[in-house]
Every structure is written in structure tokens, then in C-alpha cells.
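Chain by chain, the residues:
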Amino acid sequence: SRGGKMKFLKAMDIQALDDTQRKRLQVGQWVYAGNKSCMGKFLGVKRCGTVVVAWQGNAKRRGVGSVTAYWHDLRQYARGRS
């Protein structure tokens, strides 16, 4: 919910959701794509419909100290600010 506290939800399969369900996900919600070995944080849906997720493996490859920057940059992209 916007402006309120996030409600904890179990990680969900982003591929199993329809467009409406994806748009209702909370930013920061843990998601996976088909199998839980590939987890990521949901960061939003662009106006054009592109779903933006920061995948853990990609974040870890960026090195110590830049994971937060990776999430921030992708969140800005999801908001249409890049």
C-alpha cells in the first residue's frame, strides 16, 4: 500500500501473475521466475508494461557497495526516470 507499511508476502512467481496482479505488487516484494533458485526484488511496471525486477545474481555480480545503487538505478528506470 502506498504510504503505509509493507505487508509481508511470501515470494511469488512473477510469471504466474497476470498484468493487473503485477501492477499491484509492492515495490520490494521478493519474486522468482518459475523456480525459487532465481530470486529478485520487484521494482515496478513501466508505463509501457515492462516489468522491472532486480535479480539477486545480477546484484551480486556488481560487487560490494554497489548493490544498493543497482536497486536504485533500476527503480528509477521502472519509474521512467532514466
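Residues numbered from 1 in each chain as written. Predicted model: local features only at pLDDT ≥ 70, side-chain atom pairs only at ≥ 80, totals over all residues. Heavy atoms only, no water.

**A closer look at the overall build of the protein**
Part 1: A count of helical and extended segments in the protein gives 3 helices and 4 strands.
Part 2: Starting at the N terminus, the α and β elements of the protein follow one another as β-α-β-β-β-α-α.
Part 3: For the protein, the residues scored as buried account for 29% of the 82 residues in total.
Part 4: Intrachain contacts of the protein at a sequence separation of at least 6 include 21% that bridge at least 24 residues.
Part 5: Accessible surface for the protein amounts to roughly 6,000 Å². Of this, 51% is attributable to carbon and sulfur atoms. (Helix = DSSP H or I, 4+ residues; strand = E, 2+ residues; numbered from the N terminus. Buried < 20%, exposed > 50% of the residue type's maximum accessible area, 1.4 Å probe, protein only. Contact = heavy atoms within 4.5 Å. Areas by Shrake-Rupley, 256 points an atom, 1.4 Å probe, with all protein chains shown as cover.)

**Quick word on the packing of aromatic side chains**
Part 1: Applying the stated criterion to the full structure yields 0 aromatic pairs.
Part 2: Over the ring of Trp71 we find Lys41, and its NZ or CZ is 4.0 Å from the ring centre. (Phe/Tyr/Trp six-rings, centres within 6.5 Å; stacked < 30°, edge-to-face > 60°. Lys NZ or Arg CZ within 6 Å of the ring centre and 35° of its normal.)

**Notes on the pattern of salt bridges**
Part 1: For the coordinates displayed, the defined rule picks out 1 salt bridge.
Part 2: In this structure, Asp19 and Arg22 form a salt bridge, with 3.0 Å as the shortest nitrogen-oxygen distance. Of this pair, Asp19 and Arg22 both sit in helix 1 (residues 19-24), 3 residues apart, which is roughly one turn of that helix.
Part 3: Given a relative accessible area of 53%, Asp19 falls into the exposed group.
Part 4: By relative accessible area, Arg22 is classed as buried at 15%. (Salt bridge = Lys/Arg side-chain N within 4 Å of Asp/Glu carboxyl O.)

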